[in-house]
Amino acid sequence: GSWYDADIDRVIISEEQIREKTEELAKQVAADYADAEGGILLVCVLKGAVMFMADFARALGRQGPPCEMEFMAVSSYGSGTTSSGVVRILKDLDSDISGRHVVIVEDIVDSGLTLSWLMRYLKSRAPESVEVVALFRKPEAVKVPVPTKYVGFDIPSEFVVGYGLDFAERYRELPYVGVLKPEVYARS
Ligand code: PRP
Ligand code: MN
Ligand code: MG
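The structure contained in this document is the topic of the report that follows. Since we're looking at a predicted model, the values are computed, not measured.

Let us now look at the pairing of strand β3 (residues 67–75). Bridging between strand β2 (residues 40–46) and β3 involves 7 bridges; their strand directions are parallel. Bridged to V43 within β3 is E70. With helix α2 (residues 50–63) bridging β2 and its parallel neighbour β3, the resulting β-α-β unit is right-handed. Bridge count between β3 and strand β4 (residues 88–91): 3 bridges; the pairing is antiparallel. Within the sheet, the bridge partner assigned to V74 lies in β4 and is I89.

Okay, structure coming up:
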């Protein structure tokens, strides 16, 4: 087991479920973009989406058109457990996305704040298209007017960690997604 297992109340999405869902999402995206001029430009939203980006890109590479990778770092949460409402760019795109088919790769849509901001930001750079693939979505996000075209799992509104999702920068390396025991965030 992992160093962190004792901090986890229960696993809600297993490693195996993540693997299967990632293949499924990649298959959908590969089909939808089969004829996309210039292939796909994946934009990973650091840091949370790092695990999903790596696995999703490999899955896409087995079935889809070629892709390129860009990385942006934005932060709305800082080290707390709730959104501060402020999105900051910590790392911007390295290349011009105009005329490209952009797919934003996110780990989770919660309030939708990060994504709605990012959509607006990327659309202002004249891409050919912008869609979103998010592995997880919380119930709150359903109210957000951001169309997340590809969603892996709808998960309960609890504090979850693992597979990129952190609490105070920790737990990202867990291969599964689990609910953090309340006493863990109560003591910090
Ligand atoms: C988390 C998560 C999403 C975002 C979702 O990132 O990875 O990017 O919050 O929340 P929202 O829908 O309410 O905006 P965070 O800001 O914690 O940064 P991180 O990815 O570096 O952990
Ligand atoms: Mn994030
Ligand atoms: Mg975070």
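Moving on, there is more to tell.
Right, let's get into the packing of helix α1 (residues 15–32) against α2. For the pair α1 and α2, interaxial distance at closest approach is 8 Å and the crossing angle is 50°. The orientation of α1 relative to α2 falls into the category oblique. For the pair α1 and α2, the crossing hand works out as right-handed. Side by side, α1 and α2 meet where T22, E23, L25, A26, K27, V29 and A30 of the first sit next to D55, F56, A59, L60 and Q63 of the second. Grouping the amino acids of the contact of α1 with α2 by side-chain chemistry returns 7 nonpolar, 2 polar and 3 charged.

Definitions and cut-offs
- Residues numbered from 1 in each chain as written.
- Chains lettered and ligands numbered in written order.
- Predicted model: local features only at pLDDT ≥ 70, side-chain atom pairs only at ≥ 80, totals over all residues.
- Pairing = 2+ DSSP bridges.
- Helix = DSSP H or I, 4+ residues; strand = E, 2+ residues; numbered from the N terminus.
- Right-handed = clockwise from strand over helix to strand, strands pointing away.
- Axes fitted to C-alpha atoms, helices over the stretch in contact; angles between N-to-C directions.
- Parallel < 35°, antiparallel > 145°, perpendicular 65-115°, else oblique.
- Left-handed = near helix turned anticlockwise from the far one by under 90°.
- Contact = placed C-beta atoms within 7 Å.
- Nonpolar A, V, L, I, M, F, W, Y, C, P; charged D, E, K, R; others polar.

Everything listed here is a matter of geometry and, on its own, says nothing about what the molecule does.
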